[in-house]
Amino acid sequence: MSLLRRLLLRQFVPIFLVAILFFVLLLQLMDIFGSIWRYVAHDVPVREVAKIALLYVPKCVSYALPVSFLFAIAYSLGILYANNELFAIFCSGTSLHRLVLPFLFLGALFSVGSFYFEDSVVIPTFRTKNDLYAVAVKQMESLSQSNVTVTSPDQRVIYQADYYNDAQTRLNGLTVVIRDEKMSPTSRIDASWAEWSKTRWVLHDCRIFTVDPATGLVTDVRMPSYDSPQIVEPPDTFRKLARNIEEMSAGEAGRYVALIRKAGLFYWDALTDYYRKYSFACTPFVVAFIASSLGSTFKKNILLMSLLSSLVISVVFYVAQMVAAILSKNQIIPPLAGAWSPFSLFLLLGFVLFRTART
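Residues numbered from 1 in each chain as written. Predicted model: local features only at pLDDT ≥ 70, side-chain atom pairs only at ≥ 80, totals over all residues. Heavy atoms only, no water.

(A) Structural view of the overall build of the protein chain. Along the backbone of the protein chain there are 10 helices and six strands. Looking at the protein chain as a whole, 42% of its 359 residues qualify as buried. Counted over contacts in the protein chain with a minimum sequence separation of 6, partners at least 24 positions apart contribute 63%. Roughly 19000 Å² of accessible area belongs to the protein chain as shown, and the carbon and sulfur atoms make up 64% of that amount. (Helix = DSSP H or I, 4+ residues; strand = E, 2+ residues; numbered from the N terminus. Buried < 20%, exposed > 50% of the residue type's maximum accessible area, 1.4 Å probe, protein only. Contact = heavy atoms within 4.5 Å. Areas by Shrake-Rupley, 256 points an atom, 1.4 Å probe, with all protein chains shown as cover.)

(B) A look at the pattern of salt bridges. According to the stated counting rule, one finds eight salt bridges in the structure shown. When the shortest N-O distance is used, the salt bridge between aspartate 31 and lysine 129 registers 3.5 Å. Of this pair, aspartate 31 sits in helix 1 (residues 2-41) while lysine 129 sits in helix 5 (residues 101-136); the two residues are 98 residues apart in sequence, bridging distant segments of the chain. Each member of the pair, aspartate 31 together with lysine 129, is buried. (Salt bridge = Lys/Arg side-chain N within 4 Å of Asp/Glu carboxyl O.)

(C) Highlighting the sheet that holds strand 1 (residues 145-151). Strands sit in the order 1-2-3-4-5-6 across an open sheet of six strands; the sheet is antiparallel. Taken across any chain shown, the strands that pair with only one partner, and hence form the sheet edges, are strand 1 and strand 6 (218-227). Neighbour-to-neighbour, the strand axes of this sheet turn through a mean angle of 15 degrees, independent of strand direction. Sheet analysis places strand 1 next to strand 2 (residues 157-165), joined by six bridges and oriented antiparallel. Bridged to valine 150 within strand 2 is tyrosine 159. (Pairing = 2+ DSSP bridges. Axes fitted to C-alpha atoms, helices over the stretch in contact; angles between N-to-C directions.)

(D) Expanded view of the environment of threonine 149. Counting through the fold element by element, threonine 149 comes out in strand 1. Classification of threonine 149 by relative accessible area gives exposed; the value is 53%. Considering only alpha carbons, one finds threonine 149 and tyrosine 159, 10 residues apart in sequence, at a separation of 5.6 Å. With residues near it in sequence (within four places) discarded, threonine 149 still touches Tyr159 and Gln160.

(E) Structural view of the pairing of strand 6. Judged from the nine bridges that link them, strand 5 (residues 200-211) and strand 6 form a sheet pairing that is antiparallel. Within the sheet, the bridge partner assigned to valine 202 lies in strand 6 and is aspartate 227. Hairpin connection between strand 5 and strand 6: a loop of six residues separates the two successive antiparallel strands, and glycine 216 in this loop has a positive phi of roughly 80 degrees.

(F) Quick look at the side chain of serine 62. Note that serine 62 resides in helix 2 (residues 46-82). For serine 62, a relative accessible area of 10% corresponds to the buried category. A polar contact of 2.8 Å, which involves the side chain of serine 62, links it to the side chain of glutamate 118. For serine 62, the contacting residues outside a window of four places in its chain are Glu118, Val122 and Phe280. (Polar contact = N/O pair within 3.5 Å; in protein donor to acceptor, adjacent residues only side chain to side chain.)

(G) Structural view of the nonpolar core. Counting 39 residues, the largest nonpolar core has Phe12, Phe16, Phe69, Ile73, Leu77 and Phe103 as its most contacted members. Ranked by residues supplied to this core, first place goes to helix 2 with 14 residues. Core analysis: the next-biggest nonpolar cluster, separate from the first, contains 19 residues, Val148, Tyr159, Ile178 and Cys206 among them. (Core = buried A, V, L, I, M, F, W, Y, C linked by side-chain atoms within 4.5 Å.)

(H) Molecular detail of unusual backbone geometry. Positive phi, close to 55 degrees, is recorded for aspartate 43, a residue that is not glycine. Its place among the elements puts aspartate 43 in the loop between helix 1 and helix 2. With phi around 65 degrees, glutamine 331 is a residue other than glycine that occupies positive phi space.

Right, dumping it as structure tokens:
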């Protein structure tokens, strides 16, 4: 049995590597030709285009892994079936279910590995690629915003600013209200502007109102500058909440979702994309089930049929993911269902096909 599995893996590995290269090249060409008019219009040097393309390689590998895995399994088993070697294996008492166990193991391994690969390699390079592309084609997006209101995690410090300047890390027209443990206001600081100084905000041209807890009287003091260990909400909190979950690691995405929920903003879009980080990582495991059942289906035109079936299944799966995400983001189904329902449906389909496959 171990000899058969080694034979199957020796046939699978080169096909899988060639398939990865093919689909990565295809995705790279689609990305380059889709943006070539922007490169030409802004006179972007070839070296800069090559650097952007190189940074896009890890993301291409992430996209290409499931479809390449599906194609390689289906094609490897199809070759055995076309040469009647699969019948010989079955007649020896070895079932298809036992024969393809290495593929199922690889599917589980790829699922776990792709999640960490996405977090540690794909996200940083994809973020850098998008930043370089935006600079190259003059497509910069500002994170500054006006009329910002933020509260501290313990709800005791409230910030209201007329404008947050992200480039200068500066707040203009700032009002800060500080409350005690009973949520009663103890002081209010009105500042013309404030700047971030490593760990806290330094307020300038201030007018400070302080409430005496014993008498309830309010004192009014003017100061050229003021800083307090309580005014420490980081600049990220004041930025425009228009970040792309695809450019965040799982930890960053989780904190971002918590941030917009705390701000009282609509968070189903971000929460659905956050859950999809986990469901997409599990795709190779689903692919292993489906591809293992396709191996004994095609006896002629194996290369063409394996490639065609891989592309069709991949397109249907990604369309199902897109539809589920749209339903979730429109609050028709919960975010958890929007992220995991396509995975669950295809896992069930793969299991049924695997159980009913010719063996």
